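# Results of the structural survey
What follows is the residue order along each chain.
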Amino acid sequence: MRLGILGGSFNPVHNGHLFFAEKAISELKLDRVVFVPAYRSPFKPDAVGMETGAADRLLMLAAAIEGNPRLTIDDCEIRREGVSYTVHTLEDIIERYFPDGKPYLLIGDDLAADFPKWRDSDRILAQAEIVIARRLNNEPDTKEHPYPHKIIDNETMDVSSQMIRKMIAENTNWEELVPPSVRDIIRSKKLYSLLPAPCPLSPATCYLLPATCYLLKIEQAARETLSMPRFLHSRNTALLVYDMCRRFQNAFGIEPMDGYLAGIAHDLAKQLDPKEMTKLVKKDGNPITALEKDKPNLLHGRAAAVLLREHFSIHNKDILEAVALHTMASREMGPLAKIVYIADKVEVSRSSVVDLRKMCYDESVKLDDIFYAVVKKTVSKLQSKELDLSEETLKLLEKMKEINN
């Protein structure tokens, strides 16, 4: 995977950030750009409100990139707290994302001159390609920066987070400088001293195809009903499902965006009350097992599938199966269901399963081999905690033994 990394305060994220990321993807042929919001920026260590605004900044970022599998968020610096330095973040991301070659570290020309003063800048150069974009100057960058770098030929946008905060505080026209979904959050949460307003799905999305509108509504529902860590897990799962569907598209005919939808929705019911989960599951026509009665949280996959069908008009059998079965593996799972099960267990925030995640991108490894390896790891973990296995999982283990013999 060709990876770009874009750090910043994103307070708030704006169209300039997104334009920079999309331009980098286009010009550098990247597969994905990772936004890394700072808990406290080393360039602005005394910035007021950065710590308390972390949850809101994450929320706005998540809204800004919804439906776009080329963009993702990593909250490692927020989880780390305090001041984070690029060299440490870079090492962390390389270890978990294992990009093809050096990742591209995307910085603006406002930071480029001081890069040699960054902490351990030599270590950064050893691990990443520095990419500079115009942010302050419309003229091409002709400065002789004393370190290896690439320059993106982009047009500047007259926008900054500080400018937007000032415009909001002064009640001047700022709405067109941020994505509509970010605008809605700023309004509904009274951010930056703004009065609230209704928060519907943005009218700007009305031109989208109906299927895309459903996806955005589902992602918005996940973002609004799940905790931020749970939502980021869901989105990381969606991205890995998307990547694997692209890899296995010719073999199984799976549409990558169907996979993305299944991934973003798989935990949609995770934080519902168990009684509400049970009420939903009774609508899927299948009995509730003794294990599910004993541990009702296991019903959240089936409940999410019912929500998709009844509230979002999703009737794709492969998507519904994948969401319903991701909690307990089954002998009869189709390719998409296997992929969602895998991605749920090994997505990029799960640092203890790097070897299994590497298998997902290894062109020489078959889907069933990845699936069985993940099932084996999951079962071993459950058995170590003396937890019961479902009847379907036990049948799958028997099938695995027959294949291996």
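Residues numbered from 1 in each chain as written. Predicted model: local features only at pLDDT ≥ 70, side-chain atom pairs only at ≥ 80, totals over all residues. Heavy atoms only, no water.

## Comments concerning the packing of helix α12 (residues 256-265) against helix α16 (residues 317-325)
In a packed pair of helices, the relevant descriptors are the angle between the two axes and the axis-to-axis distance. Just so we agree on the cut-off: Only the contacting stretch of a helix is used when fitting its axis, a line to C-alpha atoms as for every element, and angles between N-to-C directions run 0 to 180 degrees. Strands here mean DSSP runs of E at least two residues long; helices mean DSSP runs of H or I at least four residues long; both are numbered from the N terminus. The labels follow the angle: roughly parallel below 35 degrees, roughly antiparallel above 145, roughly perpendicular from 65 to 115, and oblique for the rest. Definitions for this section: a left-handed crossing has its near helix turned counterclockwise from the far helix by less than a right angle. A right-handed crossing has that turn clockwise. Contacts are assigned to residue pairs with any non-hydrogen atoms lying within 4.5 Å of each other.
Orientation of α12 relative to α16, taken along the N-to-C sense of each, is 30 degrees, at an axis distance of 9 Å. In terms of orientation, α12 and α16 fall into the roughly parallel class. Of the two elements, α12 crosses α16, and the hand of that crossing is right-handed. Of α16, the residues touching α12 (which contributes Asp258, Leu261, Ala262 and Ala265) are Ile319, Ala322 and Val323.

## Comments concerning α16
Where we set the bar: Under the scheme applied here, a residue whose accessible area is under 20% of the maximum for its type counts as buried, over 50% as exposed, and between as partly exposed, the area being computed with a 1.4 Å probe on protein chains only. Whenever two N or O atoms come within 3.5 Å, that pair is a polar contact, provided that in protein one can donate a hydrogen and the other can accept it, and provided that, for residues adjacent in sequence, both atoms are side-chain atoms.
For α16, the complete set of buried residues consists of Ile319, Leu320, Ala322, Val323 and Ala324. Considering only its buried residues, α16 is in contact with α12, α15 (300-311) and α17 (335-346). The backbone nitrogen of Asp318 has a side-chain oxygen 2.9 Å away, supplied by the residue at the start of α16, namely Asn316.

## Observations concerning helix α2 (residues 54-64)
Counted residue by residue, α2 has 9 buried out of 11 residues, so it is predominantly covered. Residues Ala54, Arg57, Leu58, Leu59, Met60, Leu61, Ala62, Ala63 and Ala64 constitute the buried set of α2.

## Focus: the pattern of salt bridges
Note the threshold: Any carboxyl oxygen of Asp or Glu that lies within 4 Å of a side-chain nitrogen of Lys or Arg is treated as forming a salt bridge with it.
Applying the stated rule across the entire model yields 25 salt bridges. Residue Asp114 pairs with Lys117 through a salt bridge whose shortest N-O separation is 3.7 Å. Overall, Lys117 belongs to the exposed group, its relative accessible area being 70%. In this structure, Lys345 engages Asp344 in a salt bridge whose closest nitrogen and oxygen atoms are separated by 3.2 Å. Judged by its relative accessible area of 9%, Asp344 is buried. When salt bridges that share partners are traced, they join Asp74, Asp75, Arg79, Arg80, Asp92 and Arg96 into one network.

## Brief notes about the sheet that holds strand β3 (residues 71-73)
Neighbouring strands of a sheet are bound in pairs by backbone hydrogen bonds; such pairs are parallel or else antiparallel. As a reminder, the rule being used: Each pair of strands is called paired provided DSSP finds at least two bridges between the two strands.
A sheet is described by the order of its strands in space; here 6 strands give the open sequence β3-β2-β1-β4-β5-β6, paired in parallel fashion. With partners counted over all chains shown, the strands left at the sheet margins are β3 and β6 (150-152), one partner each. Mean inter-strand twist for the sheet, computed between neighbouring axes without regard to direction, equals 30 degrees. Where strand β5 (residues 129-133) meets β6, 3 bridges bridge the pair, whose relative direction is parallel. Note on β6: the bridge partner recorded for Ala133 is Ile152. Each of β2 (32-37) and β3 is contacted by helix α10 (residues 228-247), which is oriented at about 145 degrees to β3, the strand it contacts most.

## What to know about the pairing of strand β1 (residues 3-8)
The cut-off we apply is this: Call a crossover right-handed when, viewed with both strands pointing away from you, the route from the first strand across the helix to the second goes clockwise.
In this sheet, β2 lies alongside β1 in parallel orientation, the contact comprising 6 bridges. Bridge pairing in β2 places Gly8 opposite Pro37. Handedness of the β1-helix α1 (residues 15-28)-β2 crossover: right-handed. Pairing of β1 with strand β4 (residues 104-108), which is carried by 3 bridges, proceeds in the parallel orientation. Within β4, the position partnered with Ile5 by the bridge is Leu105.

## Quick look at the packing of aromatic side chains
Quick reminder of the rule: Only Phe, Tyr and Trp rings take part, Trp by its six-membered ring, and two of them pair if their centres are within 6.5 Å. Stacked means planes under 30 degrees apart, edge-to-face means over 60, and tilted covers everything else. Here, over-ring charges are defined by two tests on the NZ atom of lysine or the CZ atom of arginine: distance to the ring centre within 6 Å, and angle to the ring normal within 35 degrees.
Applying the stated criterion to the full structure yields 7 aromatic pairs. On the numbers, 5.6 Å between centres and 75 degrees between planes, the contact of Tyr341 with Phe371 is edge-to-face. Taken together, the positions of Tyr341 in helix α17 and Phe371 in helix α19 (residues 367-384) put the pair 30 residues apart, joining distant regions of the chain. On the accessibility criterion, Phe371 (1% relative accessible area) is buried. Aromatic ring contacts, followed pair by pair, group Phe115, Trp118 and Tyr147 into a single cluster. Directly above the aromatic system of Tyr85 lies the positively charged group of Arg119, at a separation of 3.9 Å from the ring centroid.

## Some thoughts on the packing of α16 against α17
Stated precisely, the cut-off is as follows: All residues other than Ala, Val, Leu, Ile, Met, Phe, Trp, Tyr, Cys, Pro, Asp, Glu, Lys and Arg, Gly among them, are scored as polar; the first ten of these are nonpolar and the last four charged.
α17 packs onto α16 with a crossing angle of 35 degrees between their chain directions and a minimal axis gap of 8 Å. Every pair of crossing elements has a handedness; the one defined by α16 and α17 is right-handed. Counting all contacts with α16, which are made through Asp318, Ile319, Glu321, Ala322 and Leu325, the residues of α17 involved are Leu336, Ala337, Val340 and Tyr341. Looking at the contact of α16 with α17 residue by residue, the classes come out as 7 nonpolar, no polar and 2 charged.

## Re the nonpolar core
Put simply, the test is: Nonpolar cores are built from buried Ala, Val, Leu, Ile, Met, Phe, Trp, Tyr and Cys residues. Side-chain atoms within 4.5 Å join them into one set.
Phe35, Leu106, Met244, Leu308, Ile342, Phe371 and Val375 are the most contacted members of the largest nonpolar core, which totals 108 residues. The element that contributes the greatest number of residues to this core is α10, accounting for 10 residues. Those residues in contact with Leu308 that lie beyond four places of it in its chain are Ile218, Leu261, Ala265, Leu268, Ser313, Ile314, Ile319, Leu320 and Val323. With 22 residues, the next largest nonpolar core counts Val36, Ala112, Ile132 and Val348 among its residues.

## What about the side chain of Arg247?
Locating Arg247 in the fold gives a position in helix α10. There is a polar contact of 3.2 Å between the side chain of Arg247 and the backbone oxygen of Met359. In contact with Arg247, other than residues within four places in its own chain, are Met359, Cys360, Tyr361, Asp362, Glu363, Ser364, Val365, Lys366 and Ile370.

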